Amino acid sequence: MTLLGFDFGPRKIGVAVGQTITRSATPLTTLRSQGEKPDWTRIEALIREWQPSALVVGLPFQMDDTEVAWSPRVHRFARQLEGRYRLPVHLVDERLTSREAHRQLAERDRRTPTLEAVDALAAALILETWLCEQV
């Protein structure tokens, strides 16, 4: 089963694709928001291209297990995905995924990674987290 994962942010959204068989994910792209709204045209194109069975969205938490101040926007994005594409949407704790993505990219290449690369890899880490939690 194919899934798409999203690292939602107010200005950009990292996207990754993953498989339940391998429980792995690959970064795809980072989409820029259009006036603080998701780029629905590009999201729809990715959904048509990959035909996922479900979608996974990272939900940001503080280290004290509380949601971040802008998490209502993440919940809204998840509801919009579900409503627009009629696919199941799963929320998963994305705590520290951007930091881990930054670390992994810096390890591979000594140059400072682009924010787009960080967001797409964070989406892959979010998706892999969800995949590994499924038993």
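For the structure itself, look to the data block above.
Residues numbered from 1 in each chain as written. Predicted model: local features only at pLDDT ≥ 70, side-chain atom pairs only at ≥ 80, totals over all residues. Heavy atoms only, no water.

1. Notes on the pattern of salt bridges
Enumeration according to the criterion identifies 3 salt bridges in this entry. Its salt-bridge partner being D119, residue K12 comes within 2.9 Å of it at the nearest N-O pair. Placement of the pair is K12 in strand β2 (residues 12-19) and D119 in helix α4 (residues 115-133), with a sequence separation of 107 residues. Exposure class is identical for K12 and D119. Each is buried. Residue E44 pairs with R48 through a salt bridge whose shortest N-O separation is 3.2 Å. Remark: R48 and E44 occur in helix α1 (residues 40-50); sequence separation between them is 4 residues, near one turn of the helix. Using a relative accessible area of 37% as the deciding quantity, one classes E44 as partly exposed. (Salt bridge = Lys/Arg side-chain N within 4 Å of Asp/Glu carboxyl O. Helix = DSSP H or I, 4+ residues; strand = E, 2+ residues; numbered from the N terminus. Buried < 20%, exposed > 50% of the residue type's maximum accessible area, 1.4 Å probe, protein only.)

2. Focus on the packing of aromatic side chains
Under the counting rule described, the total for this entry stands at 5 aromatic pairs. Taken together through their ring pairs, the aromatic side chains of F6, F8, W40, W70, F77 and Y85 make up a single cluster. When the ring centre of W40 is taken as reference, the NZ or CZ atom of R84 above it lies at 4.0 Å. (Phe/Tyr/Trp six-rings, centres within 6.5 Å; stacked < 30°, edge-to-face > 60°. Lys NZ or Arg CZ within 6 Å of the ring centre and 35° of its normal.)

3. What about unusual backbone geometry?
With phi around 55°, R23 is a residue other than glycine that occupies positive phi space. Tracing the chain through its elements places R23 in the loop between β2 and β3 (24-32). Using a relative accessible area of 40% as the deciding quantity, one classes R23 as partly exposed. The phi torsion at R86 lies on the positive side, around 50°, for a residue other than glycine. With respect to the helices, strands and loops of the structure, R86 is situated in the loop between α2 (71-85) and β5 (89-93).

4. Some remarks on the nonpolar core
Membership of the largest hydrophobic core comes to 21 residues, with the highest contact counts inside it found for L4, F6, I43, L55, V57, F77 and L81. Secondary-structure elements contributing two or more residues to this core are β1 (2-8), β2, α1, β4 (54-59) and α2. The dominant element in this core, judged by the number of residues it contributes, is α2, at 5 residues. Contact partners of F6, with chain neighbours within four places excluded, come to I13, G14, V15, I43, L55, V56, V57, G58, F77, L81, A123 and I126. By size, the runner-up hydrophobic cluster in this structure holds 14 residues, among which are A16, A25, A124 and L127. (Core = buried A, V, L, I, M, F, W, Y, C linked by side-chain atoms within 4.5 Å. Contact = heavy atoms within 4.5 Å.)

5. A look at the sheet that holds β1
Taken together, 5 strands build an open sheet; the order of strands is β3-β2-β1-β4-β5 and the sheet is mixed. Of all strands in the sheet, those bounded by a partner on one side alone are β3 and β5. The average undirected angle you get between the axes of adjacent strands in this sheet is 25°. α1 rests against β1, β2, β3 and β4 of the sheet, and its axis sits at about 155° to β3. The strands that α2 touches are β1, β2, β4 and β5; relative to β4, the one it contacts most, it runs at about 175°. (Pairing = 2+ DSSP bridges. Axes fitted to C-alpha atoms, helices over the stretch in contact; angles between N-to-C directions.)

Spatial relationships are all this shows, so hold off on functional conclusions.
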